[in-house]
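Chain by chain, the residues run as shown.
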Amino acid sequence: MEVSDEDVPPAKAGRARKSGKSGKASEGKAKGRAPKAAPPTELVVELSGTGMTPLLRAGAGGLAAALRALVLEADPRVSWPAPVAIADGTAVVEPRRVVLRFGPKGPEALLNELFARVFRLTPDGVVCPMGTFEPSNPPSLGLAIALQLGMKRTFLQHGRSTTKAGAARAVQVEIDERMFQYVLQPYAEYVHREGAASILDAIKAGHVELAGWAYPGAAQRHVGFSESRCEYGAAEALSAMFALVGCLSYPGARGGTGVLVVPVPDDLVEFARLRPRLSPRRVVDTYVTGVGDAVLAMSLALRLADVTTARRGIGDAVGWLLRVLPWAKQQKSRAWTIESGVIADARLDAYERVTTTLPSLVRESKDADEDGEDVDGFFVATSALRGFVTDNLAQGLPWFHGFATATTGGKKPRFIHYFRERDGGLGALYPEEKKGLIAMLDDLDDAQKVLVRSVHLALRGRFARIASEADNAATMKNRFSGERERLRLAFAGAKTADQVRGALADLWSRGGTNRELQASWEQVLPLLRPERWQVARDLALVALASYQGASKVEEDDDEPGTQDDGGR
């Protein structure tokens, strides 16, 4: 995967060089030692400073959000922004920068107290940093565990980044007004709590090296290329550590993946207000179907907040998919990136429809041991179709883009356009997901709607003829199934414009009189041109999958299996 220069922390290019002056020239200097440099009086994190990548800017926002949380925790009546007293120093948040002013005890006192007060653990040993929630409304135990799982898939993925506090244990948590068993792994420490020492090293030496926990996906390219090491100045290192607060971490739906959303602030004061509103408030919302789902969820949360404020607080958003890759199995690497920008309201409206018709659902686990001590008593069933649609929406593509070829990925990929069969087969769709497809038809343009409706009418006419020819119900059902499969293969297997046009013409001719084509054939013609044949292929398969028959036998939804079986 190609990664732009803006996406990775800059390696420290300028190191101290040996003096080129001769020893005699040095003797001309004063014999006494050079005066010791005065200790720094402040540390300034500039939002637009050199080397501030999107993640580091999000980290600057996380620092601002954490400082706001400390103020409100001490006095909820305080009007933000307000100076924050830390040790014998002060922190001030301005729209474009954060200033840490050290007191007489120097930077060590302020930084040590800052990190101790922000990077907290709950009494149950759950990672729960300040700034990710309002101090007056902390997350429930179940939600805190779910959020911790997201952090363990992103920033804290390496085993050495956390220290366990004993063995995992089962706890009872309330999820959507139901009680479930949740396996909690408590922790005694995590690496961010000790981050003050690294900032002090950066202040003294001018730079410091940080491991991947500070910047997921960024690492030295190869041990033979030392110049590719990720090094940070003091302000950059502080931002990297507070990215845990500024970013949103989610556990991916499949394969132990992690999803990281990087909101890029353009006003730190307003971002500090917004950041707690971006965190999921339900356990089920912490499990996303993919990068697009996570980015859109954050954008929808912004819209639900004060719109005027939201536009000023966050100017952009980036989503990363982190998963184990063949060449780096020891950690999750950045495998895919979505740069969404500001998402239009029309796309957020479409996303709301998707989440309503294709919701993630909490289901009781059938794999729990009888003693109930080893595994979670529930799982979150997510929709592969929702993941496909939201990835397209987040990228600004038509929601059906690539429907013909999209799969669930993994070792046993399933086709998104195909319903599951009794023997498993190659389909990914569950019967109840058809309502999501039908709802999304409203987001097609006029020509696309005509094409879909014309296919629906042709299917109805074709199935009516098959029904009239069948001798019994079993024969009719078998012929319906065979006809659906023949059409699916004709469209999914089409590799040229001629093949797509041929498959459509064959269906239309077999379906009898088609009122939709008679009335609006001129709108369909542009979709059949060589430059748009893939759009026509995707829409034909959307029409086939969303078809509602005159009888249940006609519909392609008689396969067993629902979200309850854990197949999603």
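Residues numbered from 1 in each chain as written. Predicted model: local features only at pLDDT ≥ 70, side-chain atom pairs only at ≥ 80, totals over all residues. Heavy atoms only, no water.

Undergrad: Give me the overall build of the protein: which residues, what numbers.
TA: Per the secondary structure count, the protein includes 17 helices and 18 strands. When each of the 568 residues of the protein is scored for burial, the buried share is 51%. A separation of at least 24 residues holds for 70% of the contacts in the protein among residues at least 6 apart in sequence. Carbon and sulfur atoms make up 50% of the accessible area of the protein, which amounts to about 26500 Å² in all. (Helix = DSSP H or I, 4+ residues; strand = E, 2+ residues; numbered from the N terminus. Buried < 20%, exposed > 50% of the residue type's maximum accessible area, 1.4 Å probe, protein only. Contact = heavy atoms within 4.5 Å. Areas by Shrake-Rupley, 256 points an atom, 1.4 Å probe, with all protein chains shown as cover.)

Undergrad: Outline the side chain of asparagine 392, listing residues and values.
TA: One can find asparagine 392 in helix α11 (residues 384-394). When its relative accessible area of 5% is taken as the criterion, asparagine 392 is described as buried. Not counting the four nearest positions on each side in its chain, asparagine 392 is found in contact with Arg347, Leu397, Pro398, Trp399, Phe400 and His401.

Undergrad: Please give an account of the pattern of salt bridges that cites residues and values.
TA: Overall, the coordinates contain 26 salt bridges when judged by the stated rule. Across the pair aspartate 506 and arginine 486 runs a salt bridge whose closest N-O atoms are separated by 3.3 Å. Here the residue aspartate 506 occupies a position in helix α15 (residues 497-510), and arginine 486 occupies one in helix α14 (residues 473-492), the gap between them amounting to 20 residues. When its relative accessible area of 24% is taken as the criterion, aspartate 506 is described as partly exposed. Among the residues examined, arginine 486 registers a relative accessible area of 30% and is labelled partly exposed. Across the pair arginine 510 and aspartate 506 runs a salt bridge whose closest N-O atoms are separated by 2.9 Å. Residue arginine 510 and its partner aspartate 506 are both found in helix α15; the two are separated by four residues, about one turn of the helix. (Salt bridge = Lys/Arg side-chain N within 4 Å of Asp/Glu carboxyl O.)

Undergrad: Quick rundown of the sheet that holds strand β3 (residues 89-94)? Include the residues and the values.
TA: An order of β1-β4-β3-β2 is seen for the four strands of this open sheet, with the pairing classed as antiparallel. The outermost strands of the open sheet, each flanked by one partner alone, are β1 (42-46) and β2 (84-86). On average, each strand axis in the sheet is inclined to that of its neighbour by 15 degrees, with strand direction left out of account. Relative to β3, β2 runs antiparallel, the two sharing three bridges. The residue of β3 that forms the bridge with alanine 85 is threonine 90. Across the sheet, helix α7 (residues 268-278) lies against β3 and β4 (97-101), angled at about 95 degrees from β3, the strand it touches most. (Pairing = 2+ DSSP bridges. Axes fitted to C-alpha atoms, helices over the stretch in contact; angles between N-to-C directions.)

Undergrad: Please set out the nonpolar core residue by residue, giving values where relevant.
TA: Generally speaking, a soluble globular protein has its nonpolar side chains buried in company with each other. Membership of the largest hydrophobic core comes to 82 residues, with the highest contact counts inside it found for Leu385, Trp399, Phe403, Leu504 and Trp508. Beyond its immediate chain neighbours, meaning those up to four positions away, phenylalanine 403 contacts Leu385, Phe388, Ile416, His417, Leu437, Asp538, Leu541, Val542 and Ala545. Of all hydrophobic cores here, the second largest spans 71 residues; its members include Phe102, Met130, Leu210 and Ala235. (Core = buried A, V, L, I, M, F, W, Y, C linked by side-chain atoms within 4.5 Å.)

Undergrad: Quick rundown of unusual backbone geometry? Include the residues and the values.
TA: Looking along the chain, the bond that leaves tryptophan 80 and enters proline 81 is cis, with omega of 0 degrees. Its place among the elements puts proline 81 in the loop between α2 (54-74) and β2. In this structure, aspartate 176 takes a positive phi of about 50 degrees despite not being glycine. Looking at the secondary structure, you find aspartate 176 in the loop between β6 (169-175) and β7 (178-184).

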